[in-house]
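Summary of structural features
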Amino acid sequence: MEMIQIRHLRKVFGKKEVLKDINLDIVDKKITYILGMSGQGKSTIIKHIVGLLKPTSGNVLVDGVDVAKADIKTLYEIRKKVGFTFQEGALFDSMTIFDNVAFPLVEHTNLSKKEIEKKVFETLEMVGLEAKRVAYLYPHELSGGMRKRAATARSIIMTPKYILYDEPTSGLDPIISDKITRMIMQLNKNYNMTSVVISHDLKETFKSADFVALLFNGKIIEYGDVESFKNSQNPIVRAFIEGNAEKYEKLADGI
Ligand SMILES: Nc1ncnc2c1ncn2[C@@H]1O[C@H](COP(=O)(O)OP(=O)(O)OP(=O)(O)O)[C@@H](O)[C@H]1O
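My aim in this report is to walk through the structure given alongside it, one point at a time. Here the structure is a predicted model, which is why all the values come from computation and not from measurement. Residue numbers restart at each chain and count upward from 1, following the sequence in its written direction. pLDDT decides what is reported in this predicted model: residues at 70 or higher carry local features, side-chain atom pairs at 80 or more are listed and counted, and totals for whole chains, interfaces and linings draw on all residues regardless.

Things to note about the packing of helix α10 (residues 235-242) against helix α11 (residues 245-253)
- Where α10 meets α11, the axes come as close as 8 Å, and the angle between the chain directions of the two elements is 150°. The orientation of α10 with respect to α11, classified from their angle, is roughly antiparallel. By crossing handedness, the relation of α10 to α11 is classed as left-handed. Residues Pro235, Ile236, Ala239 and Phe240 of α10 pack against Lys247, Tyr248 and Leu251 of α11. Convention adopted: a line fitted to C-alpha atoms gives each axis, helices being fitted over their contacting stretch, and angles between N-to-C directions are expressed from 0 to 180 degrees. Every helix listed is a DSSP run of H or I at least four residues long, and every strand listed is a run of E at least two residues long, numbered separately from the N terminus. In what follows, roughly perpendicular refers to angles from 65 to 115 degrees, roughly parallel to angles under 35, roughly antiparallel to angles over 145, and oblique to any angle outside these ranges. Here a crossing is taken to be left-handed if its near helix is turned anticlockwise relative to the far helix by less than a right angle, and right-handed if that turn runs clockwise. Note that contacts rest on C-beta atoms placed from the backbone: two residues are in contact if these are within 7 Å.

Quick notes on the packing of helix α3 (residues 97-108) against helix α6 (residues 144-156)
- Two numbers describe how α3 lies on α6: the axes approach to 7 Å, and their chain directions differ by 25°. With respect to their mutual orientation, α3 and α6 come out roughly parallel. Here Ile97, Asn100, Val101, Phe103 and Pro104 of α3 come into contact with α6, specifically with Ala150, Ala153 and Arg154.
- We call Asp, Glu, Lys and Arg charged. Ala, Val, Leu, Ile, Met, Phe, Trp, Tyr, Cys and Pro are nonpolar, and the rest, Gly among them, are polar. When grouped by side-chain class, the residues that make up the contact of α3 with α6 number 6 nonpolar, 1 polar and 1 charged.

A few points about the site of the ligand
- Residues are counted as near a molecule or strand when the C-beta atom, derived from backbone positions, lies within 6 Å of that molecule or strand. Near the ligand the following residues occur: Phe13, Val18, Gly36, Ser38, Gly39, Gln40, Gly41, Lys42, Ser43 and Thr44.
- For the shell around the ligand, the element with the highest residue contribution is helix α1 (residues 42-49), accounting for 3 residues.
- Of the residues assigned to the shell around the ligand, the class counts are 2 nonpolar, 7 polar and 1 charged.

Description of the environment of Thr169
- Here Thr169 is to be found in the loop between β7 (162-166) and α7 (174-191).
- Judged by local crowding, Thr169 falls into the buried class, with 24 C-beta atoms found within 10 Å.
- In this structure, the C-alpha to C-alpha distance between Thr169 and Gly144, residues 25 residues apart in sequence, is 9.6 Å. Here a residue counts as buried when 20 or more other C-beta atoms sit within 10 Å of its C-beta, as exposed when there are 12 or fewer, and as partly exposed otherwise, the C-beta atoms being derived from the backbone.

Structural notes on α6
- A helix is expected to span 1.5 Å multiplied by its residue count minus one. Between its terminal C-alpha atoms α6 stretches 19 Å, which fits the 18 Å expected from 13 residues at 1.5 Å a residue.
- α6 sits mainly inside the fold: 12 of its 13 residues count as buried.
- For α6, the full list of buried residues reads Gly145, Met146, Arg147, Lys148, Arg149, Ala150, Ala151, Thr152, Ala153, Arg154, Ser155 and Ile156.

Some points on the environment of Ile156
- Inspection of the secondary structure assignment puts Ile156 in helix α6.
- For the pair formed by Ile156 and Lys80, sequence separation is 76 residues and the distance between their alpha carbons is 9.7 Å.
- Setting aside residues no more than four positions away along its own chain, Ile156 makes contact with Gly83, Thr123, Ile163 and Leu187.

Examining the pairing of strand β9 (residues 211-216)
- Counting buried positions along β9 yields 6 of 6 residues, so the element is predominantly enclosed.
- Of the two faces of β9, the one carrying Phe211, Ala213 and Leu215 and the one carrying Val212, Leu214 and Phe216 are both buried.
- Here strand β3 (residues 31-35) pairs with β9 via 4 bridges, running parallel. The residue of β9 that forms the bridge with Leu35 is Leu214.
- By this definition, two strands are paired if DSSP reports at least two bridges between them. Pairing between β9 and strand β10 (residues 219-225): 6 bridges, direction antiparallel. Note that in β10 the partner of Phe216 across the bridge is Lys219.
- Counting the residues in the hairpin turn of β9 and β10 gives 2 residues, including Asn217, whose phi is positive at 55°.

Shown next as structure tokens:
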């Protein structure tokens, strides 16, 4: 099966059961958002998809391969297929943007210096950065939004089939958030990249999502196309969409 499938994923840290029973099929070539409040375990799901965490039980399959059971060589193949950007610290501080973005090519390919240069510059432009201007700067010399773009450039330089974004717009102003969302849509369209976006930014979600899942209390309590999500009558979904803390907390306590 050519897709990402999550089956009965359960993850316990110490005594804390963060993920109870996650089931999700990510639709190929589409943009799927996984929404949820902070600390609900959204990043934990992503880490299982790329094999950085092992499930307590259950499975994550990438193109039919169980990530947790993959040997090193298979895991390497999976990582080539799945690009991901983490919330913070995605770039190496001591390297220029050029070296950061070139890193996967230097590590994993035999491309010549010239070919690498061409690809890095193209990819920086692709994520909407002015390559000539930013390539030889260091991460701290860029704004937050530019750093997120540069981190995305690094994760797409091997043209992965899947791309996972961890809160790509958190902490960014509405204009930069809009630009990042447009970048996600463009990469999805131009390269047919199946995109999974972890977020709690409803505005950006509704602009760009094909499918939306809501993570609540260790489970996906709602999943569907964006229209059905918006119209969901599930009280927790309604409270989340309305941003109604009182209602949300009452419902959370009741579970
Ligand atoms: N390696 C770990 N060891 C112990 N606890 C962990 C570990 N990773 C995550 N957790 C805990 O699991 C919970 C979920 O964390 P996670 O980062 O997945 O949440 P999130 O939904 O992505 O939240 P945020 O939006 O704040 O990043 C948190 O309570 C966190 O403290």
